[in-house]
Amino acid sequence: MIQILAIRVQVEGLVVDEDSLTCLGEIARDTSLSVVAKINGRANICKEDVEEVKAYIWMPSHPQDYFKSNRKSISHDSST
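Residues numbered from 1 in each chain as written. Predicted model: local features only at pLDDT ≥ 70, side-chain atom pairs only at ≥ 80, totals over all residues. Heavy atoms only, no water.

Colleague: Explanation requested: the overall build of the chain in the structure shown.
Modeller: Looking only at helices and strands, one finds five helices and zero strands in the chain. A total of 80 residues make up the chain; the buried ones form 14% of that total. Looking at the chain alone, contacts between residues at least 24 apart form 14% of all its contacts between residues at least 6 apart. Per element, the accessible surface of the chain, about 6800 Å² overall, is 58% carbon and sulfur. (Helix = DSSP H or I, 4+ residues; strand = E, 2+ residues; numbered from the N terminus. Buried < 20%, exposed > 50% of the residue type's maximum accessible area, 1.4 Å probe, protein only. Contact = heavy atoms within 4.5 Å. Areas by Shrake-Rupley, 256 points an atom, 1.4 Å probe, with all protein chains shown as cover.)

Here it is in structure tokens:
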């Protein structure tokens with residue numbers, strides 16, 4: 001999973017440190033379609049599984065606007 005993310009980082013022209021890439025890999029692993037299918041008691045992946053994972057990783061269509069408007073609450077959130 002980390003290799004896939006590293007390719008995406010490169011394609012998007014970003015610089016991501018190793019710890020952040022590892023953390024993103026863990027998030028991707030924990031929200032994978034196969035995990036959701038297994039939790040739901042199936043070996044196959046269906047549309048509902050895709051939609052469930054999408055809900056976990058949803059991002060506004062303009063993330064820069066989202067983060068600008070929420071930067072204060074994000075940077076002062078002591079729980080993360």
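Colleague: Explain the pattern of salt bridges here, please?
Modeller: Where charged atoms of side chains with opposite charge meet at close range, the side chains can pair. Considering all chains together, one arrives at three salt bridges under this definition. Two residues, R42 and D49, come together in a salt bridge whose shortest N-O distance is 2.5 Å. Between K47 and E51 there is a salt bridge, and its shortest N-O distance comes to 3.7 Å. Of this pair, K47 and E51 both sit in helix α4 (residues 47-57), four residues apart, which is roughly one turn of that helix. Given the relative accessible area of 59%, K47 is considered exposed. With relative accessibility at 44%, the residue E51 sits in the partly exposed group. (Salt bridge = Lys/Arg side-chain N within 4 Å of Asp/Glu carboxyl O.)

Colleague: Mind showing me how you'd approach the packing of helix α1 (residues 2-11) against helix α2 (residues 18-30) here?
Modeller: Here α1 crosses α2 at 120°, and the two axes come no closer than 9 Å. Overall, the two elements α1 and α2 adopt an arrangement that is oblique. For the element pair α1 and α2, the recorded crossing hand is right-handed. Counted together, I2, L5, A6 and V9 of α1 and L21, T22, L24, G25 and A28 of α2 form the full contact between these two elements. A per-class count over the contact of α1 with α2 returns seven nonpolar, two polar and no charged. (Axes fitted to C-alpha atoms, helices over the stretch in contact; angles between N-to-C directions. Parallel < 35°, antiparallel > 145°, perpendicular 65-115°, else oblique. Left-handed = near helix turned anticlockwise from the far one by under 90°. Nonpolar A, V, L, I, M, F, W, Y, C, P; charged D, E, K, R; others polar.)

Colleague: Is there a simple way to think about the environment of V35 in this case?
Modeller: By the secondary structure assignment, V35 is in helix α3 (residues 33-39). Between the C-alpha atom of V35 and that of D49, which follows or precedes it by 14 residues, the distance is 9.3 Å. The residues touching V35, leaving out its near neighbours within four places in the chain, are R29 and D30.

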